[in-house]
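# Secondary and tertiary structure notes
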Amino acid sequence: MSKFILSGFADEIGNELSLQISEMNRHGIGYIEARGINGKNIGDYTVEEIKDVKKQLDEGGMKVSALGSPFGKINIKDDFEPHFEKFKNGVELAKVLETKYIRGFSFFFTDGADYDQYRSEVISRVKAMVDYAGQHGIVYLHENEKGIYGDTPERCLDLIKAIDSPYLRATFDPANFVQCGVDTLKAYDMLKDYIEYMHIKDAKFSDGTVVPAGMGDGNVKQILSNLKADGFEGFVSLEPHLGHFDGLDDLELDADFSDMEQAGPKTFAVAVSALKKILGELE
């Protein structure tokens, strides 16, 4: 028996938390994946500041599915210690927001860098975050992302198996795999035992363009069908990327968004409609 719980990156609706809450409620979605709140990245909040955010979320009847954090999204050659200190603060934020998940990554590489050369350093850094999170009952959800160690299913699997912890699981993002030239169905088969969270984002092989779910090469409908058949119970989180929003340039380090329309309630509504259409077809 599967259970899909809808969530989403509400900062793609707008900066203001009040707008994020009202629009998510309008779509009947009771969770947000907290990334940009009131124009500030979740990783930059203090514990005291996040208490005010939690109060506003509670008043709006909204819960947090995960911290959509930037942890692990620095270059492998960058100093890890200050990043790790921010991560420790992120664990405290997750506790205040009453979520057991922090979405994270496995470090960017300079073009031409030898991934194998830095494998042990990647594992060491991710393990440090996973172990610390685990001490607080928090799960580190590794997201496949182009340009990081875990950009292919093989390296995602290698990372998860090497660390071998119940507090390290996979967030599966079909669009990111497409943008790395990966067959998402093969990726699913490799990682299905570790997938605990889904990002709903689709893209085309031809040019990497992000499109509404079901309109690209990410096999979103088939993967959701497979998850359902496999008894998946967890969050299915919309990350539309159908328009430009504050913070996008920081997320996509090597892309040009100058010609992209502005994201907002309308583009988010398109993403919600596309996902709900797929889910309706799976019933």
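Fair warning: this is a prediction, and the values are worked out from it, not measured in the lab.

The backbone of D164 sits at a positive phi, close to 50 degrees, despite the residue not being glycine. Along the chain, D164 falls in the loop between helix 5 (153-163) and strand 8 (168-172). D164 gets classed as exposed once you look at its relative accessible area, which sits at 64%. The phi torsion at N219 lies on the positive side, around 55 degrees, for a residue other than glycine. Mapped onto the elements of the fold, N219 is located in the loop between strand 11 (210-211) and helix 8 (220-229).

When pLDDT drops low, the exact placement of atoms in the prediction is not to be read closely. For the protein, per-residue confidence averages 92 on the pLDDT scale, and residues scoring 70 or more make up 92% of the total. In this model, residues 244-260 is a region of pLDDT below 50 whose contacts with residues beyond four sequence positions or in other chains number 30 contacts.

So, about the packing of aromatic side chains. Aromatic ring pairs: the centre-centre distance and the angle between the two ring planes describe each pair. Per the counting criterion, the structure on display carries 17 aromatic pairs. Ring geometry for F109 and Y118: centres 5.8 Å apart, planes at 70 degrees, overall edge-to-face. You'll find F109 and Y118 in the same group, each marked buried. Through a chain of ring-to-ring contacts, three or more aromatic side chains come together here, namely F71, F80, F84, F87, F107, Y132 and Y140. Here the guanidinium or amino end of K40 rests over the ring plane of Y45, the centre of that ring lying 4.9 Å away.

Take the pairing of strand 8 next. In terms of burial, strand 8 is largely enclosed, as 5 of its 5 residues are buried. Bridging between strand 7 (residues 139-143) and strand 8 involves 4 bridges; their strand directions are parallel. Directly across from E143, in strand 8, lies its bridge partner T171. Note on the crossover from strand 7 through helix 5 to strand 8: the handedness is right-handed.

This part takes up helix 8. When we look at burial in helix 8, the residues that qualify are V220, I223, L224, N226 and L227. The buried residues of helix 8 occupy an angular sector of 160 degrees when the element is viewed end-on, so they sit on one face. Note on helix 8: the residue one or two positions beyond its end, G231, has a positive phi of about 75 degrees.

On the secondary structure map, D202 appears in strand 10 (residues 202-203). Within the buried core, D202 has no salt-bridge partner, and the shortest N-O distance to an opposite charge, that of K204, equals 9.6 Å. Here M215 takes part through its backbone nitrogen, which lies 3.3 Å from a polar atom of the side chain of D202. For D202, the side chain forms a polar contact with the main-chain nitrogen of G216, separated by 2.9 Å. Contacts of D202, omitting those with residues within four sequence positions, involve A175, T209, V210, V211, P212, A213, G214, M215, G216, D217, G218 and V220.

Let's shift gears to the pairing of strand 6 (residues 101-104). Alternating residues of strand 6 divide into Y101 and R103 and I102 and G104, and every residue in both groups is buried. Between the parallel pair strand 6 and strand 7, the chain is carried across by helix 4 (residues 115-135), and the sense of this crossover is right-handed.

Across soluble globular proteins, nonpolar side chains have a tendency to be buried as a group. Ranked by size, the top nonpolar core spans 77 residues in total, and within it L57, F87, F172, I200 and L224 carry the most contacts. Sorting elements by how many residues they give to this core places helix 4 first, with 9 residues. Residues contacting I200, with those up to four places away along its chain left out, are A213, V220, L224, V236, S237, L238, E239, P240 and L275. Judged by nonpolar contacts, the second largest core, of 6 residues, contains A66, V139, L141 and Y197.

Bringing the environment of E98 into the picture now. Checked against the element boundaries, E98 lands in the loop between helix 3 (80-96) and strand 6. Here E98 falls in the exposed class, since its relative accessible area comes to 63%. Residues E98 and K63, spaced 35 residues apart in sequence, show a C-alpha to C-alpha distance of 8.0 Å. Not counting residues within four places of it along the chain, the set of residues in contact with E98 comprises K54 and V64.

Conventions we followed
- Residues numbered from 1 in each chain as written.
- Predicted model: local features only at pLDDT ≥ 70, side-chain atom pairs only at ≥ 80, totals over all residues.
- Heavy atoms only, no water.
- Helix = DSSP H or I, 4+ residues; strand = E, 2+ residues; numbered from the N terminus.
- Buried < 20%, exposed > 50% of the residue type's maximum accessible area, 1.4 Å probe, protein only.
- pLDDT = per-residue confidence, 0-100.
- Contact = heavy atoms within 4.5 Å.
- Phe/Tyr/Trp six-rings, centres within 6.5 Å; stacked < 30°, edge-to-face > 60°.
- Lys NZ or Arg CZ within 6 Å of the ring centre and 35° of its normal.
- Pairing = 2+ DSSP bridges.
- Right-handed = clockwise from strand over helix to strand, strands pointing away.
- Arc of directions from axis to C-beta.
- Lys, Arg positive; Asp, Glu negative; His and termini not counted.
- Salt bridge = Lys/Arg side-chain N within 4 Å of Asp/Glu carboxyl O.
- Polar contact = N/O pair within 3.5 Å; in protein donor to acceptor, adjacent residues only side chain to side chain.
- Core = buried A, V, L, I, M, F, W, Y, C linked by side-chain atoms within 4.5 Å.

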